[in-house]
Amino acid sequence: MLKIENLHTSVEQKNILKGLNLAIKPGEVHAIMGPNGAGKSTLGFILSGREGYQVTDGSVSFKGEDLLDMEIEERARKGLFLAFQYPVEIPGVSNMQFMKESLNAIREQRGETPLTAAEFLKKAKEACKQVQLPLDFLKRGVNEGFSGGEKKRNEIMQMILLEPSLCILDESDSGLDIDALQVVANGVNSQRDGKRSFIVITHYQRLLDYIKPDYVHILANGKVVKSGDASLAQDLEKEGYAFLGQDHSEETNA
Amino acid sequence: MSQWLQQVIDRGQAIDDWLSPLRAQALDALSNTKWPDRRVENWKYTSLEPLVNLQLSGYAATEKATIEKIDDLNSLDLVFVNGKLQSDIRALPLPKGLHISSLLNASVKDQNAATGLFTKIKPQRHLFGLINDALAEDGLIIDIDADSQIEQPIRIISINTDGQESHHRILLRLGSHARATVIEQGQGEKASFSTLFAEYDIGEQAYLEHYRLAMHTHQAIHIGGCHFNLQQRAELNTTMIAYGSDLSRMDIDIIHNGEYAKAKLNAVYLLGESEHFDLHSTIEHKVANGTSEENARGIVGDKVKAVFNGRIHIHRDAQKTVAKLNNRNLLLSRRGQINTKPELEIYADDVQCAHGATIAEIDEGTLYYLRSRGISRSQALVMLNFGFIQELVNEMPNQHLAQWLKPRLKSRFMEMEVK
C-alpha cells in the first residue's frame, strides 16, 4: 500500500524528517507516536502534499506509484485521506456542497458515475448518523463554528463517505472527551475491512485502547527509533519518552 | 474644455426632439464641467484614458441579436441593440396597469410627465449622466398604475456590438401601492462605448424589485447608473451584479424622499484579469424614519483595479434613520487592487448607522484542505468565490433569475482564475 524509504524533509530550511522508513500493507493499522516536534504531523502533510513541505531525499510509493510526484488532489483521488488535526473553517461553502464535490471528484477517478443530489444526501445522512452529528451540520458552512470535537467527527464523516484506501489520522483524538473519542474510534473501526490501511498519529495510548494497532512506531527527531506491536504503546504510557535520552520539552508541531 | 467632451456637446446640440429643452440644460452643465482627472475625488481611481483612446469603427452591423431566455422567468423582454429599441412595444401583450412607450414616440402626456421627472431623480453631479442626457434619444418610459401588481418581470436587455457607441435611458414610475420587478441586463465584449441611466420613481407604499446585471467585459466600456426616488413607505430591493471591462463604472443613488421608506441594495462585482470597475453609491436619507441596508461584495482578480465608494448621507431632519453599509472584498492576487471607501455623513442626532469595509485574500490553507479531498484547485477556487458572494445571490428575491445566474457566475469565476 505505502512504502516510505529514507524520507528527508524540510520546512522553511529546517530539517524535520531525517531518514524515515515505513512500509504498510493493505489492511494494516500502524500507530505513530512520539514527542512534540518529532515530525508526526509533518509526515501527514508530506504524504498529502501540502505546499511548503519539501522532500530533500528519499521516496514514497503509494500502490506502486510515485506519490511525491502527484498533485494534492490526485493523491486524494487515488485513495489517500488525511484527517486533519486542525480542520479549517470555510464560511459560505456548505458541508454538503463540499462533500458532494469531493465525493464526485473521487468517484470520477474510480470510474463511477457522479451521485445525484438525492443519492448523495442519503449517503451523507448515514455518515452523519454514524459519527453522531446532527443532520443540520450538512447545511452549515464547512466546520464553521463547529467545536473541536465536532470538527474531528466531521473529518471522520468525510473519511466514511470517501472510502479511501489509506487513512492518515493526525491526532484525531486530541481535545476529545471520552464519549467523542469513542465516536471517532467507532467510526474508524467501522471502516476496517481488511483492505483499508491506517496510519494513526497520536500522542497518547488512550486512542489505541479503542483502535487496536497492528504496529506501533515511535518517531523521534525525524526517524522511527523503535517499532513493535500494541504493547509498545502501553510501555510508553508507563515510562514516557525518557528512554529516548534527549530533551523533549514542549515544542509546537504545526 | 477637453476635445472629447467638446465633440459630445457638438453632437448633443445637433439633436432636435422633445427632449431638447432638457438636453440644453445638460449641455450647459457640461460646458461648465472640467474633464475629470485624478484630482477630482469622484474619479480619483478611475482614469478615463481608455475611453478617450477608444477607436470605434462605427461599423453598423444590423445584426439581429439572439436573446437568451431565462428558464421559468416568463419575463416581458425589451431589447436594445446599440441603444436602439428593437422590440415592437405595440405587439407586446402588456398586463393590465402596465404602460410602456419608447422615447422616440412618446405621447405628449408621457413627454410632459417625463420632462418633469427627468430632472428630479438622477442628481446632476454625474458627468456621464449629463452625457447621457445630452446624447440619449431612445429609451423607455414605463408607467405602472397605482395598485397594480405586475407579476411578470420586465426585462430590459441592452446589447452592445463591435465598434458602436450608444446612449439610452429608462424612466419608470411606479404608482402608489403598486408592485413590479425590473431586470436590467447589459452585455457586450467587443470595442464599444455605452451609457445607460435608469431612473425610478417609487410611489407611496409601492414595492420595486430591481436587478442590474452589468455584464460588459473586455473592450466594452460601459458607464451607467440607477437612481431611485422613494416616496412614503416605498420599498426597494435591488441587486447589482457587475463584471469589469477596460473601463466600467456604475453610479447608484437611492433617495429617501418620503418617511418610512425601506431600501436594500446588494451589489456584487466580479473582476477578471486587468479589468477596471468602479462602483459609487449614495444613499440620501432626506427625511425621518427611513431604513437602508447596503451590502457590496467584490472579488478582485489579477491586475484588476477596482473602486468602491459607498456614501450614506443623513440629512438634518432624517431622525430615526437606520442605515447600514458594508463592503467586503476578496483579492485573488497580490497584483489586484481595490480602493474602498465607505462614507457616513450624518447631520441628525438620533440615528443608527454602521459602516465597514474589509479586504481579504484567498487562504492557501483552505485551498489545501479542499484539494486534499480530491477537489481540483480551479474547482476549489470556484467554490471559495461562490462562498464569498453566495449569501447575496441567495438573497435575490427571484430565484429563477438566481438559478440562471449561477452557472454563469461559475464560468465567470473560471475566467477570473489566477494561474
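Residues numbered from 1 in each chain as written. Chains lettered and ligands numbered in written order. Predicted model: local features only at pLDDT ≥ 70, side-chain atom pairs only at ≥ 80, totals over all residues. Heavy atoms only, no water.

Draft legend 1. Looking closely at the overall build of chain B. The number of helices and strands found in chain B is eight helices and 19 strands. Radius of gyration (C-alpha) of chain B: 21 Å, near the 22 Å computed for a compact globule of 419 residues. For chain B, the spread of C-alpha atoms along the three principal axes comes to 65 × 55 × 50 Å. Within chain B, buried positions represent 62% of all 419 residues. Within chain B, contacts between residues at least 6 apart in sequence are counted, and of these 85% link residues at least 24 apart. Total accessible area on chain B is roughly 16,700 Å²; 46% of this is exposed by carbon and sulfur atoms. Each charge class in chain B can be summarised by its mean position, and for the 45 positive and 53 negative side chains these summaries are 4 Å apart. (Helix = DSSP H or I, 4+ residues; strand = E, 2+ residues; numbered from the N terminus. Rg over C-alpha atoms; globule rule 2.2 N^0.38 Å. Buried < 20%, exposed > 50% of the residue type's maximum accessible area, 1.4 Å probe, protein only. Contact = heavy atoms within 4.5 Å. Areas by Shrake-Rupley, 256 points an atom, 1.4 Å probe, with all protein chains shown as cover. Lys, Arg positive; Asp, Glu negative; His and termini not counted. Charge placed at Lys NZ, Arg CZ, Asp CG, Glu CD.)

Draft legend 2. The arrangement of the environment of B:Val108 in detail. Residue and element names in this part refer to chain B. Looking at where Val108 falls in the secondary structure, it is placed in helix α4 (residues 108-118). Judged by relative accessible area, which is 57%, Val108 ranks as exposed. A C-alpha to C-alpha distance of 9.1 Å links Val108 and Trp18, two positions 90 residues apart in sequence.

Draft legend 3. Fine view of the interface of chain A and chain B. Each side of the interface is counted separately: chain A has 31 residues, and chain B has 18 residues. Buried area between chain A and chain B, summed over both chains or domains, comes out near 2,000 Å², and the portion from carbon and sulfur atoms is 59%. Across the chain A-chain B interface, the total number found is four salt bridges. As a salt-bridge pair, A:Glu155 and B:Arg373 come within 2.6 Å of each other at their nearest N and O atoms. Among the elements of the structure, α1 (40-48), α2 (72-77), β6 (80-83), β7 (90-94), α3 (95-109) and α5 (148-162) of chain A are those that each provide at least two residues to the side of chain A that touches chain B. Here the element with the most residues in the side of chain A that touches chain B is α3(A); it accounts for six residues. Residue classes in the side of chain A that touches chain B are distributed as 17 nonpolar, seven polar and seven charged. (Buried area = accessible area lost by both parts, 1.4 Å probe. Salt bridge = Lys/Arg side-chain N within 4 Å of Asp/Glu carboxyl O. Nonpolar A, V, L, I, M, F, W, Y, C, P; charged D, E, K, R; others polar.)

Draft legend 4. Examining empty space enclosed by the protein more closely. Residues and elements named next belong to chain B. Following the criterion strictly, the structure yields five cavities of 30 Å³ or more and no others. Considered as a void within the structure, the largest cavity measures approximately 80 Å³ in volume. Forming the boundary of the largest cavity are Leu22, Gln25, Ala26, Phe118, Thr119, Gln124, Asp133 and Arg169. At three residues, helix α2 (residues 20-31) tops the list of elements feeding residues into the lining of the largest cavity. Class assignment of the residues belonging to the lining of the largest cavity gives a composition of three nonpolar, three polar and two charged. (1 Å grid on protein atoms, 1.4 Å probe; cavity = no way out; pocket = protein on both sides within 12 Å on 5 of 7 lines; lining within 4 Å. Points joined across faces, edges and corners; volume = space filled by probe spheres on them.)

Draft legend 5. Layout of the sheet that holds strand β16 (residues 305-314) of chain B. Residues and elements named next belong to chain B. The mixed open sheet is built from nine strands, whose spatial order is β3-β4-β6-β8-β10-β12-β14-β16-β18. For this open sheet the edge positions go to β3 (98-102) and β18 (337-346), each flanked by a neighbour on one side alone. Strand-to-strand twist across the sheet, computed as the mean angle between neighbouring axes with direction ignored, equals 10°. With nine bridges joining them, strand β10 (residues 220-230) and strand β12 (residues 248-256) adopt parallel strand pairing. Across the sheet, the residue bridging to Cys226 is Ile252, located in β12. (Pairing = 2+ DSSP bridges. Axes fitted to C-alpha atoms, helices over the stretch in contact; angles between N-to-C directions.)

Draft legend 6. Quick peek at the pairing of strand β9 (residues 166-170) of chain A. Residue and element names in this part refer to chain A. Taking burial as the measure, the five residues of β9 include five buried ones, the bulk of the element. Neither face of β9 is left uncovered, since the one carrying Leu166, Ile168 and Asp170 and the one carrying Cys167 and Leu169 both have all their residues buried. Relative to β9, β6 runs parallel, the two being bridged by four bridges. Paired with Leu80 across the bridge in β9 is Leu166. As judged from the five bridges shared by β9 and strand β10 (residues 197-201), these two strands associate in the parallel manner. Across the sheet, the residue bridging to Asp170 is Ile201, located in β10. The parallel pair β9 and β10 is bridged by helix α6 (residues 178-190), and the resulting crossover is right-handed. (Right-handed = clockwise from strand over helix to strand, strands pointing away.)

Draft legend 7. Region of the structure containing the pattern of salt bridges. Using the criterion set out here, one finds 41 salt bridges over all chains in the structure. Notably, a salt bridge pairs B:Arg408 with B:Glu68, separated by 2.1 Å at the nearest N-O pair. In this pair, B:Arg408 sits in helix α8 (residues 399-416) while B:Glu68 sits in the loop between α3 (49-52) and β1 (76-81), placing the two residues 340 residues apart along the sequence. Among the salt bridges present, the one from B:Glu184 reaches B:Arg212, with a minimum N-O distance of 2.7 Å. Of this pair, B:Glu184 sits in strand β7 (residues 179-188) while B:Arg212 sits in strand β9 (residues 207-216), and the two are 28 residues apart along the sequence. Each member of the pair, B:Glu184 together with B:Arg212, is buried. Salt bridges linked by common partners bring A:Glu51, A:Glu71, A:Glu73 and B:Arg371 together as one network.

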